[in-house]
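Next come the chains, spelled out residue by residue.
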Amino acid sequence: FFQNASHELKTPLMSIQGYAEAIKDGVVDGEEVEESLDIIIRKSQELKKTVEEIIYLSKLVNDDFDYSYVVIDINQLVRSGIDDQRLIAKEHSVEILYEPSTESINCKVDPDKLAVVFENLISNAIRYAKSIIKIEVKDLEKEVIIRVMDDGNGLDEGESTKVFERFYKGDGGKSGIGLAVVKEIVQHHGGTINAGNHISGGAVFELRMKRV
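What counts, and where the lines are drawn
- All residue numbers refer to positions counted from 1 along the written sequence of the respective chain.
- Local features are withheld for residues below a pLDDT of 70 in this predicted model, meaning they are given only at 70 or higher, and side-chain atom pairs are given and counted only at 80 or more; totals for whole chains, interfaces and linings count all residues.
- For the side-chain quantities, the full set of heavy atoms in the structure was used; hydrogens and water were omitted.
- In this text, helices come from DSSP runs of H or I with a minimum length of four residues, and strands from runs of E with a minimum of two, each type numbered from the N-terminal end.
- When a residue's accessible area, from a 1.4 Å probe over protein chains only, is under 20% of the maximum for its type it is buried; when over 50% it is exposed; and in between it is partly exposed.
- Each accessible area is a Shrake-Rupley result for a 1.4 Å probe, and residues are judged covered by the shown protein chains and nothing else.
- Residues counted as positive are Lys and Arg, residues counted as negative are Asp and Glu, and His and the chain ends are not counted.
- Just so you know, the charge point we use is NZ for Lys, CZ for Arg, CG for Asp and CD for Glu.
- The rule for a salt bridge is simple: a side-chain nitrogen of Lys or Arg has to be within 4 Å of a carboxyl oxygen of Asp or Glu.
- Whether two residues are in contact is decided by their heavy atoms, any of which lying within 4.5 Å being enough.
- Here, a strand pair is defined by DSSP locating no fewer than two bridges between the strands.
- Here a Phe, Tyr or Trp ring, Trp counted by its six-membered ring, pairs with any other such ring whose centre lies within 6.5 Å, and the pair is stacked when the planes are under 30 degrees apart, edge-to-face when over 60, and tilted otherwise.
- Only lysine NZ and arginine CZ atoms are considered, and such an atom sits over a ring when it is within 6 Å of the ring centre and within 35 degrees of the ring normal.

Structural notes on the overall build of the chain
- Of regular secondary structure, the chain possesses 6 helices and 7 strands.
- Order of helices (α) and strands (β) in the chain, N terminus to C terminus: α-α-β-α-β-β-α-β-β-α-α-β-β.
- Across its three principal directions, the C-alpha atoms of the chain cover 65 × 40 × 30 Å.
- A burial count over the chain gives 39% of its 212 residues as buried.
- On the chain, roughly 12300 Å² of surface is accessible, and the fraction owed to carbon and sulfur atoms is 49%.
- For the chain, the distance from the average position of its 26 positive side-chain charges to the average position of its 38 negative side-chain charges is 5 Å.

Structure (structure tokens):
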């Protein structure tokens, strides 16, 4: 864990150091200074986000978080997750299609923690989708199934389990922490999360949870 974390932190730090030294030594000048400063700011933001994700994941793994379970309509949480990501999806020219099977599906969950799950799943789908993300919520007799599907290139062979490992990054991945966080939270809820490819070729993440 520490070896992987150190690697994730070292990469943006090297970029920050390199551009800062170039500015100090006068290697860059004029507009290049402004561009270098922009890169330093962007890499600093990436570094901050990675550190926050590592801390959050370590707290989840070590049970340092209290879970506050309440009965809530799962559709409400999914809609909120979509609304929070819609602007980012638009910037990537990606449309989010939402298909709930019923108006209300009650589950006993920690809304704040599960909101992180939907945020990570949807943002991950946006990263790999070509133009469309489809989210299905199916109400079964004793459980609810939530599927997040994209029309991207799908997972490579053997990736279906690796994607949930800490710091595993596929092509175009970022910190490799988001899906590990998803798995920890879902398991804490007594649910399951699986990944694969659907018949159209894109990736699909399937979350199953007990309903009340």
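There is more to say after this.
Here we look at the side chain of D150
- One can find D150 in strand β5 (residues 143-150).
- In this structure D150 is buried but unpaired, with K130 as the nearest side chain of opposite charge at 8.5 Å.
- Once residues lying within four places of it in the same chain are set aside, the contact partners of D150 are A125, Y128, A129, I132, I133, H198, G202 and A203.

A closer look at the environment of K210
- Within the element layout of this structure, K210 appears in strand β7 (residues 203-210).
- Sequence-wise, K210 and Y168 are 42 residues apart; in three dimensions their C-alpha atoms are separated by 28 Å.
- Dropping the residues within four chain positions of it, K210 is found in contact with C107, K142 and E143.

With respect to the pairing of strand β3 (residues 106-109)
- Residues C107 and V109 of β3 are buried on one face, while the alternating residues N106 and K108, pointing to the opposite face, are not.
- Summarising the sheet, strand β1 (residues 70-73) and β3 pair through 4 bridges and their orientation is antiparallel. Residue I72 lies in a different strand from β3, and its bridge partner there is C107.

What about the packing of aromatic side chains?
- Within the structure shown, the criterion is met by 2 aromatic pairs.
- Both rings, one in Y67 and one in Y69, keep their centres 5.8 Å apart while their planes meet at 15°; by these two values the pair is stacked.
- Classification of Y69 as partly exposed rests on a relative accessible area of 33%.
- Their ring planes at 85° and their centres at 6.0 Å tell us that F164 and F205 sit as a pair that is edge-to-face. Highlighted residues: F164 in the loop between α5 (159-162) and α6 (178-188) and F205 in strand β7, separated in sequence by 41 residues. Just as F164 is buried, F205 falls in that class too.
- For the cation-ring pair, K113 lies above Y67, with the distance from its terminal atom to the ring centre recorded as 5.0 Å.

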